[in-house]
Amino acid sequence: MTSTQSINQRRRRLIRCGILLLLISVRCELSAQTVNRSDVGPSRVITIAQMGAADVVGTDSAALQRAANLLRVGDALMIGPGTYRMDNSLFVPSGVTVRGTPGLTVLRKSAGVESLLVEDGDYGEIRLAVAEPDKFRPGMGIAVTDDILKSDWDVSVTTVIGVQENVLRINPMTLRDYGAERHHAKVQNTFPILCAIDTENVTIEDIIVDGNKAENAFLDGCRGGAIYLYQSRHTIIRRCTARDYNGDGISFQITENIRVLDCEVYRNTSHGIHPGAGSARSLVQNCRVFDNARVGLFLCWRVSFGVFAGNIIERNGEHGVSIGHKDTDNRFLENTMTRNGIAGVYFRQETFKNSGHRNFFRGNTVTDNGGDGKGYGFYFAPCVEGIELRGNRIADTRSAGERTQRYGVYRANGANPVRLADNQMSGHLADEFTAPFSK
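The shown structure was predicted, so the numbers you read here are calculated from the model rather than taken from an experiment.

What counts as what
- Residues numbered from 1 in each chain as written.
- Predicted model: local features only at pLDDT ≥ 70, side-chain atom pairs only at ≥ 80, totals over all residues.
- Heavy atoms only, no water.
- Helix = DSSP H or I, 4+ residues; strand = E, 2+ residues; numbered from the N terminus.
- Buried < 20%, exposed > 50% of the residue type's maximum accessible area, 1.4 Å probe, protein only.
- Contact = heavy atoms within 4.5 Å.
- Pairing = 2+ DSSP bridges.
- Patch = residues over 30% accessible without salt bridge, like charges linked within 9 Å, V, L, I, M, F, W, Y side chains within 5 Å.
- Areas by Shrake-Rupley, 256 points an atom, 1.4 Å probe, with all protein chains shown as cover.
- Salt bridge = Lys/Arg side-chain N within 4 Å of Asp/Glu carboxyl O.
- Lys, Arg positive; Asp, Glu negative; His and termini not counted.
- Charge placed at Lys NZ, Arg CZ, Asp CG, Glu CD.
- Core = buried A, V, L, I, M, F, W, Y, C linked by side-chain atoms within 4.5 Å.
- Axes fitted to C-alpha atoms, helices over the stretch in contact; angles between N-to-C directions.
- Polar contact = N/O pair within 3.5 Å; in protein donor to acceptor, adjacent residues only side chain to side chain.
- 1 Å grid on protein atoms, 1.4 Å probe; cavity = no way out; pocket = protein on both sides within 12 Å on 5 of 7 lines; lining within 4 Å.
- Points joined across faces, edges and corners; volume = space filled by probe spheres on them.
- Nonpolar A, V, L, I, M, F, W, Y, C, P; charged D, E, K, R; others polar.
- Disulfide = S-S within 2.5 Å.

Trainee: Help me understand the environment of Glu-318, please; the structure alone is not making it clear to me.
Mentor: Note that Glu-318 resides in the loop between strand E28 (312–314) and strand E29 (319–323). Using a relative accessible area of 26% as the deciding quantity, one classes Glu-318 as partly exposed. Residues Glu-318 and Asn-292, spaced 26 residues apart in sequence, show a C-alpha to C-alpha distance of 8.8 Å. Among residues more than four places away in sequence, those in contact with Glu-318 are Ala-293, Arg-294, Val-295, Asn-340, Gly-341, Ile-342 and Ala-343.

This is the structure:
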């Protein structure tokens, strides 16, 4: 054995050990945050059902929230079978488990309504004058937007707590200045369906969340999603389905140690799974993410030290995985990215200081992506560096007339070198890769 081969073997062992230690550290940190139940009394099971004996009987979001409000740290909420009409979010408190009946508990968004404001909705408003107050009732969730402030963090999501003549009383207050006369400000009953806000140590299991996208307006992943976490820590989402939301399937923003395990996320009109806004040490594992209109797994801003492993990410409209602004030091292990609209993995263009550096890909299958003349296994825009692709299969497996993944690994003009080792590439119409690369 040559000295170079020996060095390479030692390097591979170190990489494997590093990945294992990262996975162990995520699990250990989550375990260390477990609530000491001896300090809060014995745990209880609170039940909700659509009929029969239960702590709460009901069929809508108001009944679900009444049941959730009974929870204390260490308790579990058990949701019986049936479809529950969601006129507002189900807000989950800290330190609890929320569990459905596998395959039978469905939280489905009600049909959407909206109305223009008849006067400006300024920052800090708790009263909004609307043109059509009869469409709204207390307890309904709403989003406030206008023609300019209609996306990202500019949307105010709140709850109607009263209706007086043409005025909606809301809580919490609005977060921007919405112009009625110049910018057609409006309210619409869009909101995240199942959500945890400012929480820790939450587990959500075996729930189907249906966004009813055909009857609802769009709400993007900064403020919403079928399942949505905001400023939350140490949360597990397991064996859940997020489907047909007019926006993202599962979105978690400003979070730490979120685990999304064994979930299905499909037919959402934007992204499938969307970690963002400084989310650190995420674990997304053994999920199937498919048929979403934009990106299957969208790493937004400052997603770092995450592990994404064993997922099947297929048939999404744009990319399987998209990585961008300060999305650094993540590990992508043994995923399948196939038949996505443009690229299996797409690195967005950023300045050097703001790029998604030091991401590592091992054992992934990246096949048969692209369409309309644009098809890439991996696409690198400037100015990312420190990327390593090791032991991946990158190929177009179809006959020549059906192939769309034109390049295996593509570097746009100005993109930095990428480290390649032990990858299998074949079947690309244009080329396996564009030089130069580091070996």
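Trainee: Which parts of the structure should I look at to understand the pairing of strand E7 (residues 105–109)?
Mentor: Put simply, side chains in a regular strand alternate between the two faces of the sheet. With respect to burial, E7 is a largely interior element, four of its five residues being buried. Pairing between strand E4 (residues 82–86) and E7: five bridges, direction parallel. Bridging from a neighbouring strand, Tyr-84 pairs with Leu-107 of E7. Taken together, the three bridges between E7 and strand E16 (residues 208–210) define a ladder with parallel strand orientation. From the neighbouring strand, Arg-108 faces E16, where its bridge partner is Asp-210.

Trainee: Is there a simple way to think about a negative patch on the surface in this case?
Mentor: On the surface, a cluster of negative charge is made up of Glu-119, Asp-120, Asp-122, Asp-177 and Glu-181. Tracing the sequence through the fold places Glu-181 in helix H3 (residues 180–183). A relative accessible area of 74% places Glu-181 in the exposed class.

Trainee: Help me understand the nonpolar core, please; the structure alone is not making it clear to me.
Mentor: In terms of nonpolar packing, the biggest core is built from 67 residues, with Ile-250, Val-260, Ile-273 and Phe-380 touching the most fellow members. Per element, the largest residue contribution to this core is four residues, and it comes from helix H2 (residues 61–68). If we ignore the near neighbours within four places in the chain, the residues touching Ile-250 are Ile-227, Ile-237, Ala-242, Val-260, Cys-263, Val-265, Gly-272, Ile-273 and His-274. Judged by nonpolar contacts, the second largest core, of 15 residues, contains Val-144, Leu-149, Val-160 and Val-187.

Trainee: Quick question: what am I supposed to make of the sheet that holds E28 here?
Mentor: Paired through backbone hydrogen bonds, the strands of a sheet run either parallel or antiparallel to each other. Taken in spatial order, the 11 strands of this open sheet run E4-E7-E16-E19-E22-E25-E28-E31-E34-E37-E40, and their pairing is parallel. Edge positions in the open sheet fall to E4 and strand E40 (424–426), since each of these has one partner strand only. Across the sheet, the mean angle from the axis of one strand to that of its neighbour is 10°, orientation sign disregarded. Both strand E37 (residues 393–395) and E40 contribute to a ladder of three bridges, which runs parallel. Paired with Ala-395 across the bridge in E40 is Ser-426.

Trainee: Just checking my understanding: could you explain the pattern of salt bridges for this structure?
Mentor: A side chain of one charge can pair with a side chain of the opposite charge when the charged atoms of the two come close. If you walk through the whole model with that rule in mind, you get 29 salt bridges. Across the pair Glu-114 and Lys-186 runs a salt bridge, and its minimum N-O distance is 4.0 Å. Taken together, the residues Glu-114 in strand E8 (residues 114–116) and Lys-186 in strand E13 (residues 186–188) connect sequence positions 72 residues apart. Residue Glu-114 is classed as partly exposed on the basis of its relative accessible area of 35%. Residue Lys-186 is classed as partly exposed on the basis of its relative accessible area of 25%. Taking the shortest distance from any N to any O, the salt bridge between Asp-154 and Arg-176 comes out at 2.8 Å. With Asp-154 in the loop between strand E10 (141–145) and strand E11 (156–164) and Arg-176 in the loop between strand E12 (167–171) and H3, this pair connects stretches of sequence that are 22 residues apart.

Trainee: It is not clear to me how the side chain of Lys-109 should be interpreted in this structure. Could you clarify?
Mentor: Along the polypeptide, Lys-109 turns up in strand E7. Buried within the structure, Lys-109 lacks any salt-bridge partner; its nearest side chain of opposite charge belongs to Asp-87, at an N-O separation of 6.3 Å. A polar contact of 2.9 Å, which involves the side chain of Lys-109, links it to the backbone oxygen of Asn-189. In terms of polar contacts, Lys-109 uses its side chain to reach the side chain of Asn-216, at 2.7 Å. Apart from residues no more than four positions distant in its own chain, Lys-109 is found in contact with Met-86, Asn-189, Thr-190, Phe-191, Ile-193, Asp-210, Gly-211, Asn-212 and Asn-216.

Trainee: Can you walk me through H2 in this structure?
Mentor: For an α-helix, the turn length of 3.6 residues means that residues three or four places apart are oriented alike. Taken across its eight residues, H2 has six buried, putting it largely inside the fold. Within the sequence span of H2, burial applies to Ser-61, Ala-63, Leu-64, Gln-65, Ala-67 and Ala-68. Looking at the buried side of H2, the elements it contacts are strand E1 (45–49), strand E2 (56–57), strand E3 (76–79), E4, strand E5 (90–91) and E7.

Trainee: Would you explain empty space enclosed by the protein in this entry?
Mentor: Where empty space is left can be seen by rolling a probe of water-molecule size over the atoms. Under the criterion given, the structure shown has one cavity of 30 Å³ or more. For the largest cavity, the calculated volume is near 50 Å³. Lining the largest cavity, in full, are Lys-109, Asn-189, Thr-190, Phe-191, Gly-211, Asn-216, Ala-217, Tyr-245 and Asn-246. Considering only residue class, the lining of the largest cavity consists of three nonpolar, five polar and one charged.

Trainee: Quick question: what am I supposed to make of the layout of surface pockets here?
Mentor: Taken as a whole, the largest pocket encloses approximately 410 Å³ of empty space. Phe-91, Val-157, Thr-158, Pro-172 and Ile-197 are the residues nearest the centre of the largest pocket, which is lined by 18 residues in total. A per-element tally of the lining of the largest pocket places E11 first, with four residues. Class assignment of the residues belonging to the lining of the largest pocket gives a composition of nine nonpolar, seven polar and two charged.

Trainee: For this particular structure, what's the right way to read the pairing of strand E15 (residues 200–205)?
Mentor: A large share of E15 lies buried, amounting to five of its six residues. Both strand E6 (residues 97–99) and E15 contribute to a ladder of three bridges, which runs parallel. Bridging across to E15, Arg-99 finds its partner in Glu-205. In this sheet, strand E18 (residues 233–238) lies alongside E15 in parallel orientation, the contact comprising five bridges. Its bridge partner lying in E18, Ile-204 is registered against Ile-237.

Trainee: Is there a simple way to explain the state of the cysteines in this structure?
Mentor: Simply put, disulfide is the name for a covalent bond between the sulfur atoms of two cysteines. Summed over the entire model, instances satisfying the criterion amount to zero disulfides. Cys-222 carries a free sulfur, and the closest cysteine sulfur to it, the one in Cys-300, is 5.7 Å from it. Under the relative-accessibility criterion, Cys-222 is labelled buried at 8%. In this structure Cys-240 is a free cysteine whose sulfur lies 5.1 Å from that of Cys-263, the closest cysteine sulfur available.

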